[in-house]
Each structure stands twice: as C-alpha cells, then as structure tokens.
Amino acid sequence: MSDTPAIRLKRGEGRAFKAGGPWIYDNEIAEILGEPADGGIVRIEDYNGYPLGVGFLNRASTIAVRVLSRDAGAVIDRDFLERRVRAAWQYRKDTVDTSSCRVIFGEADFLPGLVVDKFADVLVVESLALGIDRLKSTILSLLVDLLKEDGISVRGIYERSDAKVRLQEGMERHKGFMGDAFDTKVEILENGVRYMVDVEDGQKTGFFLDQKYNRRAVARLARGKRVLDCFTHTGSFALNAALGGAEHVTAVDVSQSAVDMARANAERNGLADKMDFVCADVFDLLPSLVGKNPYDFIILDPPAFTKARKTAANAMRGYKEINYRAMGLLPRGGYLATASCSHFATEEMFIKMLKSAAADAGRQLRQIEVRQQAPDHPILWNVEETNYLKFFLFQVI
C-alpha cells in the first residue's frame, strides 16, 4: 500500500467526506503523494496518514477526488465493478418497474459521475467524471451481461455525455453510438402510456424517468377534470391525466418540437381527441387566462430554474410567479400539482415560496401528497445532491 499514489488531507479538512459525502475538493488537499495520473485511483489519507478510502483523482476539477470506496484496501478491478453494478440492478428489481428505469445513478450507486438509463432494450449512458469515463466500457459490458442473466437482450448503447459539466472536468462533450448503430427512436411503456423516446436528441438522456410515480399520482386525481399541463415536454403528465379519465387536457410548452412530440405521443395512445397542444411561454400564458377559469387542475413541472446556489433566490421568484398565477386561476376546490427538479431550490425554500404564493393569491393549500423522485433515482442521506426533486399535490381552497 505504501507504493500506491495517495492524496493527504489538510488538518481539519474533509469534514463533508468524513460525514459520508462523496467528494473531496481541491482546497482540502495538503499534498499528493506519488505520481498519479488524472483519472487514476488514489488512496485517501487524513492529515496524519491514516487511510480513509480510495477514489478517482482529477487535478483539473474543483472536485479533486470522487470517492469509490471507504475501504482503503479496496482493489478497483472488474470484480469490484461487477459487485457495484449487480447491487444497483438488484436494487431496481426490488423497488421499481424495470422495463424502463435508471439503472445507475452516480454517487447514489457508488459509481461517481456515471448515469445509465434503460429504455426498453436500449441503454443510454452519461459520463460526467474523468475517472469513471475510463471505466464506462467495462461497466457497460458488465451490465449487458447482467441483464442477459435476466433474459434481457440489449439492442444498443448510446452515449449522451454532452453536458457542459464535462468541461469543468477537463473533458470534451461527446455523444454517439457505443458499438453498432441502431434506431435511436425507442418506444417505451410507462404507467400504461406509450412514448417515443429520442435518445439521440431528446433532453438529457431522452426522457425524465424520475417523475414516473408522480405521473401516476396525477392520473388518479385527474378523472373528470379539465387539466392544464404546463412545461409538458413530451406530454408525460398530460398523457397520464388523459389516460386517467380527465375530461380534457391542454398541454403547453415553449418548444414547438416538444409540442410536436407530445401531440405524436397522444396520437400513439389514442388520446388526441381529448387533448390539445399549445406552443407558448407559460409565464405569458397564465396571466392571459385570468377571468376565464377554464381549468380545475393545473400541473407545473418546469425545468430547473437554477443550477447554482448563488442563483437560487432569483429562481424562487420564478417559481413563485407561476405558482401564484396557477393558484389564482383555479376555482376554490381545484387541484394543483407543482414540482421543482433543482437541488439548489431546497424543500424548505420551496415550501416557503408556496406559502407566500398562496397568501398573495388569497388561497389556502390543502395538502394531498408530498412526493420525491422515483426510487430508481435513490436518495443517499449523506449525499444531499441526490435529493433534488420536490413534488406537491394540493387542493386549492
């Protein structure tokens, strides 16, 4: 072990890591021992040389070390990776419908920086850290073999490592086939709804799997309602509401391509006759509906309004605006589903915003449910970044 490259923490540093966090920042490191390559494995030592674990090193990143194991003697080989992948897949089999699901969720599955989504028989991978990038082919090979044990044959793998965060790791953005080319339009079935997922050009990995069971909760409440689904994207909440028996559903998105995809998904499910689709900015649309009272159920599932702590306060003003408008539009006794997918917009901040919006709208909120992301996006209690999705169902009175 003495010949293994290592990083040594400054005295008193590494507090988040020692409390269970997955990262060590560059300003917490006193020295680097040996000559490890960026992306290589290093032993993690406290200021006095006491071994604390192993992880990937990347001098180019503010996150200098991503922790792989708290066993300083762990050997990061194929057997180690197989145990990680097998544990991740078994957890999904225990907790969710695996026909389409997130199979690996980075730090929450102790494979830092790696995301793998399964859409029917296609895998989509997003690699966001240098160290894991060098192991992704081995990990995917292990996953393909593991799925085969359960009778699942993978038709193809597509890489969507095109997020800007790769630049912060000193890596180029990249997307493309890993192996043979295949049709990147993939049909999936979720909650009884069929979608066409574009794994090549869709947002993120192609489809937001984290709201799977929240969409089901909306469907249960939608029967007989006139529903407005804001920020509809591929139409997922709108389609669940329509399939759940809504009287009529209007799906809105600022992107014409998203509206076109949502409309195509409605036709795919035989629901187009009870839905309409609008390309509009929700911030403009909601004020234009004042006094018309056309809806008794409004769904707000916007994209993340903030991706940094320093912009969270501005983001909350955006969240308040749309929630205030929606509450004011609903008749008393109407229903509101509202969500935020930003980790930096904390639950405490979100609740405070909702209370303020309700007060300004002259409404009270009767809580029906508070929900989070689906279990295939597990929340690791010592890793606050894994807890990001807030979802509330209210009756507005």
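Residues numbered from 1 in each chain as written. Predicted model: local features only at pLDDT ≥ 70, side-chain atom pairs only at ≥ 80, totals over all residues. Heavy atoms only, no water.

Caption draft 1: Expanded view of the pattern of salt bridges. Taken as a whole and judged by the stated rule, the model has 28 salt bridges. Glu190 serves as the salt-bridge partner of Arg215, at 2.8 Å between the closest nitrogen and oxygen. Taken together, the residues Arg215 in helix H6 (residues 212-221) and Glu190 in strand S12 (residues 185-190) connect sequence positions 25 residues apart. Taking relative accessible area as the criterion, Arg215 reaches 2% and is therefore assigned buried. (Salt bridge = Lys/Arg side-chain N within 4 Å of Asp/Glu carboxyl O. Helix = DSSP H or I, 4+ residues; strand = E, 2+ residues; numbered from the N terminus. Buried < 20%, exposed > 50% of the residue type's maximum accessible area, 1.4 Å probe, protein only.)

Caption draft 2: View of the layout of surface pockets. Empty space within the second largest pocket amounts to approximately 230 Å³. Forming the walls of the second largest pocket are 13 residues, and the residues nearest its centre are Ala16, Gly21, Pro22, Tyr25 and Glu385. For the lining of the second largest pocket, the elements supplying multiple residues, two or more each, are helix H1 (15-18) and strand S2 (23-25). Per-class residue counts for the lining of the second largest pocket are six nonpolar, two polar and five charged. (1 Å grid on protein atoms, 1.4 Å probe; cavity = no way out; pocket = protein on both sides within 12 Å on 5 of 7 lines; lining within 4 Å. Points joined across faces, edges and corners; volume = space filled by probe spheres on them. Nonpolar A, V, L, I, M, F, W, Y, C, P; charged D, E, K, R; others polar.)

Caption draft 3: The arrangement of the environment of Gly170 in detail. Considering the arrangement of structural elements, one finds Gly170 in the loop between helix H5 (165-168) and strand S11 (174-177). Taking the relative accessible area as the measure of exposure, Gly170 reaches 60% and is therefore exposed. Taking C-alpha positions, Gly170 is 8.7 Å from Asn58, a pair spaced 112 residues apart along the chain.

Caption draft 4: Looking closely at the pairing of strand S18 (residues 334-340). For S18, a buried count of seven out of seven residues is recorded, marking the element as mostly surrounded by other parts of the structure. Burial along S18 is two-sided: Gly334, Leu336, Thr338 and Ser340 and Tyr335, Ala337 and Ala339, pointing in opposite directions, are all buried. Examined bridge by bridge, strand S17 (residues 297-300) and S18 share four bridges and lie parallel to one another. By the bridge assignment for S18, Leu300 is matched with Thr338. As a crossover connection, the stretch from S17 through helix H10 (residues 312-329) into S18 is right-handed. (Pairing = 2+ DSSP bridges. Right-handed = clockwise from strand over helix to strand, strands pointing away.)

Caption draft 5: Seen up close, empty space enclosed by the protein. For the coordinates displayed, the defined rule picks out one cavity of 30 Å³ or more. Of the volumes computed, that of the largest cavity is approximately 40 Å³. Lining the largest cavity are Phe56, Leu57, Asn58, Ile63, Ala64, Arg66, Ala129, Leu130, Gly131 and Glu169. Take the lining of the largest cavity: its biggest share by element is three residues, from strand S6 (residues 63-69). The residue makeup of the lining of the largest cavity, split by class, is six nonpolar, two polar and two charged.

Caption draft 6: How the structure looks around helix H7 (residues 236-243). In terms of residue burial, H7 counts as a mostly covered element, since seven of its eight residues are buried. Burial in H7 covers these residues: Ser236, Phe237, Ala238, Leu239, Asn240, Ala241 and Ala242. A positive backbone phi angle near 105 degrees is found at Gly245, which sits one or two residues after H7.

Caption draft 7: The packing of H6 against H7, seen in detail. Look at H6 against H7: their axes get within 7 Å of each other, and the N-to-C directions meet at 40 degrees. It follows that H6 is oblique to H7 by the angle criterion. As for the relative orientation of H6 and H7, their crossing is right-handed in sense. Residues Asn214, Arg215, Arg216, Val218 and Ala219 of H6 touch H7, and the partners they reach there are Ser236, Phe237, Asn240 and Ala241. (Axes fitted to C-alpha atoms, helices over the stretch in contact; angles between N-to-C directions. Parallel < 35°, antiparallel > 145°, perpendicular 65-115°, else oblique. Left-handed = near helix turned anticlockwise from the far one by under 90°. Contact = heavy atoms within 4.5 Å.)

Caption draft 8: Region of the structure containing the packing of aromatic side chains. On inspection of all chains with the given rule, the structure shows 13 aromatic pairs. On the numbers, 6.3 Å between centres and 65 degrees between planes, the contact of Phe297 with Tyr335 is edge-to-face. One end of the pair, Phe297, is in strand S17; the other, Tyr335, is in strand S18, and 38 residues separate them in sequence. You'll find Phe297 and Tyr335 in the same group, each marked buried. One aromatic cluster is present, built from ring pairs that chain together Phe231, Phe283, Phe305, Tyr319, Phe350, Phe392 and Phe394. In this arrangement the basic side chain of Arg215 is found over the ring face of Phe237, its NZ or CZ atom lying 6.0 Å from the centre. (Phe/Tyr/Trp six-rings, centres within 6.5 Å; stacked < 30°, edge-to-face > 60°. Lys NZ or Arg CZ within 6 Å of the ring centre and 35° of its normal.)

That is the geometry; function is a separate question.
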